[in-house]
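Below are the chains, spelled out letter by letter.
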Amino acid sequence: MTNMPKVDKNKVAAMTAEEIKIFNMVVKKDNSIRASKPPVKDYTSGMAAYVWRMTCFMVSPKPSHHCMPVCADFDIPVNYFARRSVTKELDKLVDKIVNAVDKPEWHGILRWGRALGY
């Protein structure tokens with residue numbers, strides 16, 4: 001069992017009510033990121049699944065989460081053009097979460113950085 005990184009809630013930038021709802025689906029009560037994708041039941045949980053996948057791509061210690069998330073937005077139940085604008089907004093929440101994780105815990109970013117020669 002790999003321990004998922006913890007999010008320092010004091011470092012998370014201000015969030016809207018909808019972002020808080022999504023955040024609570026992605027981050028557990030002990031402030032660690034979920035180890036598996038939240039179940040997709042509706043529009044909000046589809047957005048949470050996207051945020052979880054993009055966050056795990058960047059910070060998860062699990063190598064299987066470091067694969068390119070090319071289909072991450074498929075859980076959002078809207079058409080392609082609407083999905084593009086929704087994901088742009090959700091990427092802001094992903095950045096808030098990732099920036100609240102200590103940099104040594106950015107496992108995916110570090111792995112891709114090494115792969116790309118940085």
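As shown above, the structure is provided for reference.
Remember, it's a predicted structure, so these values are computed and weren't measured experimentally.

**With respect to helix α2 (residues 43–59)**
Here comes step 1: The end-to-end C-alpha distance of α2, which contains 17 residues, comes to 24 Å, matching closely the 24 Å that a straight helix rising 1.5 Å per residue would cover.
Here comes step 2: When you tally the buried positions in α2, you get 16 out of 17 residues, the bulk of the element.
Here comes step 3: Capping of α2 at its N-terminal end is provided by D42; its side-chain oxygen lies 3.4 Å from the backbone amide nitrogen of T44.

**Observations concerning the side chain of T55**
Here comes step 1: Tracing the backbone through its elements, the reader meets T55 in helix α2.
Here comes step 2: Among residues more than four places away in sequence, those in contact with T55 are I33, S60, V94, I97 and V98.

**Observations regarding the pattern of salt bridges**
Here comes step 1: A full pass over the atoms with the stated rule returns 5 salt bridges.
Here comes step 2: The shortest N-O distance in the salt bridge between D30 and K6 comes to 3.7 Å. Here K6 lies in the segment before α1 (17–26) and D30 lies in the loop between α1 and α2, a separation of 24 residues in the sequence.
Here comes step 3: Residue K6 is classed as partly exposed on the basis of its relative accessible area of 48%.
Here comes step 4: Between E19 and K96 there is a salt bridge whose closest N-O contact spans 3.0 Å. With E19 in helix α1 and K96 in helix α3 (residues 80–99), this residue pair connects regions lying 77 residues apart in the sequence.
Here comes step 5: The exposure class assigned to K96 is buried, which follows from its relative accessible area of 18%.

**Details of the nonpolar core**
Here comes step 1: Counting 29 residues, the largest nonpolar core has V7, I22, V26, I33, V51 and L90 as its most contacted members.
Here comes step 2: Secondary-structure elements contributing two or more residues to this core are α1, α2 and α3.
Here comes step 3: Among residues more than four places away in sequence, those in contact with I22 are T44, M47, A48, V51, L90 and L93.

**Remarks on unusual backbone geometry**
Here comes step 1: The backbone of N31 shows a phi angle near 75°, a positive value even though the residue is not glycine.
Here comes step 2: Take N31: it is sitting in the loop between α1 and α2.
Here comes step 3: Accessibility expressed as a relative area gives 24% for N31, which makes it partly exposed.

**Some points on the side chain of T44**
Here comes step 1: With respect to the helices and strands, T44 occurs in helix α2.
Here comes step 2: Judged by its relative accessible area of 14%, T44 is buried.
Here comes step 3: Those residues in contact with T44, other than ones at most four positions away along the chain, are K21, I22 and M25.

Procedures and definitions
- Residues numbered from 1 in each chain as written.
- Predicted model: local features only at pLDDT ≥ 70, side-chain atom pairs only at ≥ 80, totals over all residues.
- Heavy atoms only, no water.
- Helix = DSSP H or I, 4+ residues; strand = E, 2+ residues; numbered from the N terminus.
- Expected span 1.5 Å × (residues − 1).
- Buried < 20%, exposed > 50% of the residue type's maximum accessible area, 1.4 Å probe, protein only.
- Polar contact = N/O pair within 3.5 Å; in protein donor to acceptor, adjacent residues only side chain to side chain.
- Contact = heavy atoms within 4.5 Å.
- Salt bridge = Lys/Arg side-chain N within 4 Å of Asp/Glu carboxyl O.
- Core = buried A, V, L, I, M, F, W, Y, C linked by side-chain atoms within 4.5 Å.

All quantities given are derived from atomic positions and should not be read as evidence of function.
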